[in-house]
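# Examining the three-dimensional arrangement
Chain by chain, the residues:
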Amino acid sequence: MIETLSTLRVPEGAGQRRDAPPRCRVTNDAFWDTYDTSTLIYDCVYSPDERKLRLYCPKLFNLESLLTQTVFAVDGTQLGGGKWQRSRHLDVVEYSDVAPANELHCAMPTGDRVLAVNTVDRRLDGLNTLYTLSRNNDLMWIGDWARFHVAQHKVEAIVFVDNGSDRYSTDEVADTLKTATNLKKIIVLDAPLRHGPRSHTCTSSGDARFFQTSIMNICLNRFMSRSRAVLSIDVDELVVRKTDVTIFDAASDSRLGLSMFDGRWHYADQRISPVRHATHYLYRDGEAPCPTKYAIRPKGLIARGRQMEVHSLSNVNRRLYPSDKRFYFAHCRQISTNWKSTRQSDSTQDLSEDPLLKSQLSAVFQPSSETT
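Residues numbered from 1 in each chain as written. Predicted model: local features only at pLDDT ≥ 70, side-chain atom pairs only at ≥ 80, totals over all residues. Heavy atoms only, no water.

## Things to note about the overall build of the chain
Assigned secondary structure in the chain consists of 7 helices and 24 strands. Its C-alpha atoms give the chain a radius of gyration of 21 Å, near enough to 21 Å, the size a compact globule of 372 residues would have. Summarising its shape, the C-alpha atoms of the chain cover approximately 65 × 45 × 40 Å along the three principal directions. Out of the 372 residues belonging to the chain, those deemed buried represent 53%. Relative to all contacts within the chain whose residues are 6 or more apart in sequence, the contacts with residues 24 or more apart total 76%. Accessible surface computed for the chain: about 16700 Å², of which carbon and sulfur atoms make up 45%. (Helix = DSSP H or I, 4+ residues; strand = E, 2+ residues; numbered from the N terminus. Rg over C-alpha atoms; globule rule 2.2 N^0.38 Å. Buried < 20%, exposed > 50% of the residue type's maximum accessible area, 1.4 Å probe, protein only. Contact = heavy atoms within 4.5 Å. Areas by Shrake-Rupley, 256 points an atom, 1.4 Å probe, with all protein chains shown as cover.)

Encoded structure:
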């Protein structure tokens, strides 16, 4: 249930660190506190079906020579030249015709290292799989988020990436997810790596945040590549269905294997305490919509050769793919740790009730809060 990454970093004392991306101009020294300056490999994954070993790397920039000078071997057999697959946030080095191995030996210019090899996991094959990345979200919120989607969309498996939470352990996350009944599999991936800088510390900050997109695709290939369908949303987001069709049905049955849907901000009823998803049935007419989210069939036409990104697949023009109007997502404004921006003090005037969401929330959650 609890899984880990097999990560390679620049050794301390080596005197090397990753430069800022070319388009990023650092405007605040706090940039260096959250920017990943040292990771060379996020994870090392072996696929027995393909006999391929893949090294998943953040953008290396000036550190690439350190990796290319490293000699890799399994069971004493040196690996030949790897094939590089490059994208904006993630580079993958792929070695073919590799025999099964438990360890990867790395002879680096700065010294030898050994990485554990993680084998592709087939426990989620054929399952409706919910994916998220989280750090320090309240355990109560995590449990509510899971229970809602199990009840409304028949989620069967959850892949939950914990990005170094210091409020609780990964075991506590797993125990919380278990409160969502009817789940067949739960995987909590312990991933205490740097998420990347906030936008006020540099220009083009998106170029400097490798982790979110990278870990999503590591999980897709390591755990979810044969899931029936995969829904990627955040803990503060609830997918609302307007019909009996679930979002997993929509993605699985789609000709392309893709279902995109719009979102809007929802606000908590301030008369009710504590703040939970169940209190977020208010919205403001005319407010700008949230960027789309989506679900995919991993083996579908559109997913082949593409990476998952936060709001769409790579190289997919969202304007060419109409949103599925059978769904929308409620972006819960007060479900937030405020890591990115403060969201607790927004005005809640001129709000209307969303009767569909309110009815679905009532169907899922027993009354657990009191009117203040």
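Now that the structure has been shown, the text picks up again.
## Things to note about the packing of aromatic side chains
Applying the stated rule across the entire model yields 8 aromatic pairs. Ring geometry for Trp32 against Tyr35: centres 5.8 Å apart, planes inclined by 75°, an arrangement best described as edge-to-face. Both rings, one in Phe61 and one in Phe210, keep their centres 6.1 Å apart while their planes meet at 55°; by these two values the pair is tilted. Separated by 149 residues along the polypeptide, Phe61 in the loop between strand E5 (52-58) and helix H2 (64-68) and Phe210 in the loop between strand E15 (185-190) and helix H5 (211-224) bring together distant segments of the chain. Residue classification places Phe61 among the partly exposed residues on the basis of a relative accessible area of 28%. Accessibility expressed as a relative area gives 2% for Phe210, which makes it buried. Taken together, Phe31, Trp32, Tyr35, Phe61 and Phe210 form an aromatic cluster joined through their ring pairs. Over the face of the ring belonging to Tyr283 we find Arg264, whose NZ or CZ atom lies 3.7 Å from the ring centre. Positioned above the aromatic ring of Trp265, the side-chain terminus of Arg333 is 4.2 Å from the ring centre. (Phe/Tyr/Trp six-rings, centres within 6.5 Å; stacked < 30°, edge-to-face > 60°. Lys NZ or Arg CZ within 6 Å of the ring centre and 35° of its normal.)

## Side note on the sheet that holds strand E14 (residues 157-162)
Backbone hydrogen bonds hold the strands of a sheet together, and the pairing may be parallel or antiparallel. Pairing is mixed in the open sheet, where 9 strands are placed in the order E1-E15-E14-E13-E16-E21-E18-E22-E17. Taken across any chain shown, the strands that pair with only one partner, and hence form the sheet edges, are strand E1 (2-4) and strand E17 (237-241). On average, each strand axis in the sheet is tilted by 25° relative to the strand beside it, whichever way the strands run. Note that strand E16 (residues 229-232) and strand E21 (residues 290-296) share 3 bridges and pair antiparallel. Its bridge partner being in E21, Val230 is matched across the sheet by Ile296. Seen against the sheet, helix H3 (residues 139-153) touches strand E13 (128-134), E14, E16, E17 and strand E22 (327-332) and runs at an angle of roughly 15° to E17. The strands touched by helix H7 (residues 355-364) are E17, strand E18 (258-266) and E22; relative to E17, the strand with the most contacts, the crossing angle is about 105°. (Pairing = 2+ DSSP bridges. Axes fitted to C-alpha atoms, helices over the stretch in contact; angles between N-to-C directions.)

## With respect to the pattern of salt bridges
Once the charged atoms of two side chains with opposite charge are near each other, the side chains can pair. With the rule as written, the count across this model stands at 31 salt bridges. Of the charged contacts in the structure, one is a salt bridge between Asp49 and Arg226, with a shortest N-O distance of 2.7 Å. Here Asp49, found in the loop between strand E4 (43-47) and E5, pairs with Arg226, found in the loop between H5 and E16; they are 177 residues apart in sequence, far enough to count as distant. Residue class for Arg226 comes out partly exposed when judged on its relative accessible area of 37%. The salt bridge involving Lys178 is made with Asp175; its shortest N-O contact spans 3.6 Å. (Salt bridge = Lys/Arg side-chain N within 4 Å of Asp/Glu carboxyl O.)

## So, the nonpolar core
Ranked by internal contacts, the top residues of the largest apolar core, which has 46 residues, are Ile158, Phe160, Leu177 and Leu231. Considering each element in turn, this core owes the most residues, 6 residues, to H3. When near neighbours in sequence (up to four residues on either side) are disregarded, Ile158 contacts Leu130, Trp145, Ala146, Leu177, Leu183, Lys185, Ile186 and Ile187. Listed in part, the 43 residues of the second largest apolar core include Ile218, Met260, Ile296 and Leu313. (Core = buried A, V, L, I, M, F, W, Y, C linked by side-chain atoms within 4.5 Å.)

## A short note on the sheet that holds E4
If you trace the 5 strands from one edge of the open sheet to the other, you get E8-E9-E5-E4-E12, paired in mixed fashion. This sheet does not close on itself; its edge strands, each paired only once, are strand E8 (83-86) and strand E12 (118-119). Lying over the sheet, H5 contacts E4, E5, strand E9 (90-95) and E12, oriented at roughly 25° with respect to E4.

## Quick notes on the environment of Tyr46
Here Tyr46 lies in strand E4. Residues Tyr46 and Val120, 74 residues apart in the sequence, show an inter-C-alpha distance of 6.0 Å. Only 2.6 Å separates the side chain of Tyr46 from the backbone oxygen of Val98, close enough to count as a polar contact. (Polar contact = N/O pair within 3.5 Å; in protein donor to acceptor, adjacent residues only side chain to side chain.)

## Looking at the environment of Asn217
With respect to the helices and strands, the residue Asn217 is situated in helix H5. Each C-alpha atom of the pair Asn217 and Ser227 lies 14 Å from the other, and the pair is 10 residues apart in sequence. Setting aside residues no more than four positions away along its own chain, Asn217 makes contact with Leu90, Gln307 and Met308.

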